[in-house]
Amino acid sequence: MIKLFYPLLALAFLTECQPEEAHEVASSMQEEGDLKFGQEALLQQYGQITMYGEGVPRRLIVALKSIQDSRCPTDVNCVTAGNATVALRASNSQGANENITLCIGDCGTDGIRETHTLVAEVGGVNYTFTLKGVKPYPGQAHEGEVQKAALVVEKE
């Protein structure tokens, strides 16, 4: 019986152990978790936030699908300023979905802009999405850092 007990005990200890990285990812996802409308969120690619408050009957889930950053790096002379484009997916608990694209920098006919605000309807409710920035700004000093979008969502 003892010969069976020790291997089972060792197996139990091994299955309870998790690498520290897995724990850090889980805790950072909780930090992104729930926010009230109007609060600024920092989202990395594939991250999501759940927005609530202001008399909205359903929570709004905002997921960052992608960040495309072609802005001119610091300490480099470029022909164009470039831009940073963020693709979002907003959905509510009733299954309504909306794809939203926000752009800062040189985004075409509007000239160079520091922020981008767009009103979108999700499930019959209008929301204002504002891209405040994409961090870190491109450059050698920030090479290897995870890019995050600074985003504010408000109910219209």
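Everything here concerns the structure above.
Being a predicted model, the structure only gives us computed values, none of them experimental.

Trainee: Let's hear about the overall build of the protein: which residues, and what values?
Mentor: From N to C terminus, the protein includes two helices and ten strands. Each helix and strand of the protein, ordered N terminal to C terminal, gives the series α-α-β-β-β-β-β-β-β-β-β-β. Of all 156 residues assigned to the protein, the portion counted as buried reaches 33%. Look at the contacts in the protein between residues 6 or more apart in sequence, and 43% of them connect residues 24 or more apart. As displayed, the protein has an accessible area near 10,100 Å², and 51% of this comes from carbon and sulfur atoms.

Trainee: Can you lay out unusual backbone geometry for me, pointing to particular residues and giving the numbers?
Mentor: The residue after K135, namely P136, is reached through a cis peptide bond having omega -10°. With a phi angle near 70°, Y46 is a residue other than glycine that sits in the positive phi range. Secondary-structure assignment places Y46 in the loop between β2 (40-44) and β3 (48-52). What makes Y46 exposed here is its relative accessible area of 66%.

Trainee: Report on the sheet that holds β2, specifying residues and quantitative values.
Mentor: In any sheet, the strands associate via hydrogen bonds between backbone groups, in a parallel or an antiparallel arrangement. Reading across from one edge, β2-β10-β9-β8 is the order of the four strands in this open sheet, with antiparallel pairing throughout. Each edge of the open sheet carries a strand with a single partner, namely β2 and β8 (116-122). Each neighbouring strand pair of the sheet contributes to a mean axis angle of 35°, computed without reference to strand direction. Where β2 meets strand β10 (residues 148-155), five bridges bridge the pair, whose relative direction is antiparallel. Opposite A41, over in β10, you have L151 as the bridge partner.

Trainee: Explain the side chain of T128 residue by residue, including any values.
Mentor: One can find T128 in strand β9 (residues 125-135). According to the relative accessible area criterion, T128 is buried, its value standing at 9%. Within the structure, the side chain of T128 is placed 2.3 Å from the side chain of E156, a separation counted as a polar contact. Among all residues touching T128, those that are not within four sequence positions of it are T117, L118, V119, V152, V153, E154 and E156.

Trainee: Kindly report on the state of the cysteines, identifying the contributing residues and their values.
Mentor: Tallying each qualifying case throughout the model produces two disulfides. Disulfide partner of C72: C78, at an S-S distance of 2.0 Å. Taking the sign of the torsion about the S-S bond as the criterion, the disulfide between C72 and C78, at about 80°, is right-handed. On the basis of relative accessibility, which here comes to 37%, the residue C78 falls in the partly exposed class.

Trainee: Please give an account of the pairing of β9 that cites residues and values.
Mentor: Burial runs high along β9: eight of the eleven residues are buried. Bridge analysis of β8 against β9 gives seven bridges, and the strand direction is antiparallel. Looking at β9, one finds that H116 is bridged to L131. Between the antiparallel neighbours β8 and β9 lie two residues, among them G123 with a positive phi of about 60°. Pairing geometry for β9 and β10, over eight bridges, is antiparallel.

Rules of the game
- Residues numbered from 1 in each chain as written.
- Predicted model: local features only at pLDDT ≥ 70, side-chain atom pairs only at ≥ 80, totals over all residues.
- Heavy atoms only, no water.
- Helix = DSSP H or I, 4+ residues; strand = E, 2+ residues; numbered from the N terminus.
- Buried < 20%, exposed > 50% of the residue type's maximum accessible area, 1.4 Å probe, protein only.
- Contact = heavy atoms within 4.5 Å.
- Areas by Shrake-Rupley, 256 points an atom, 1.4 Å probe, with all protein chains shown as cover.
- Pairing = 2+ DSSP bridges.
- Axes fitted to C-alpha atoms, helices over the stretch in contact; angles between N-to-C directions.
- Polar contact = N/O pair within 3.5 Å; in protein donor to acceptor, adjacent residues only side chain to side chain.
- Disulfide = S-S within 2.5 Å.

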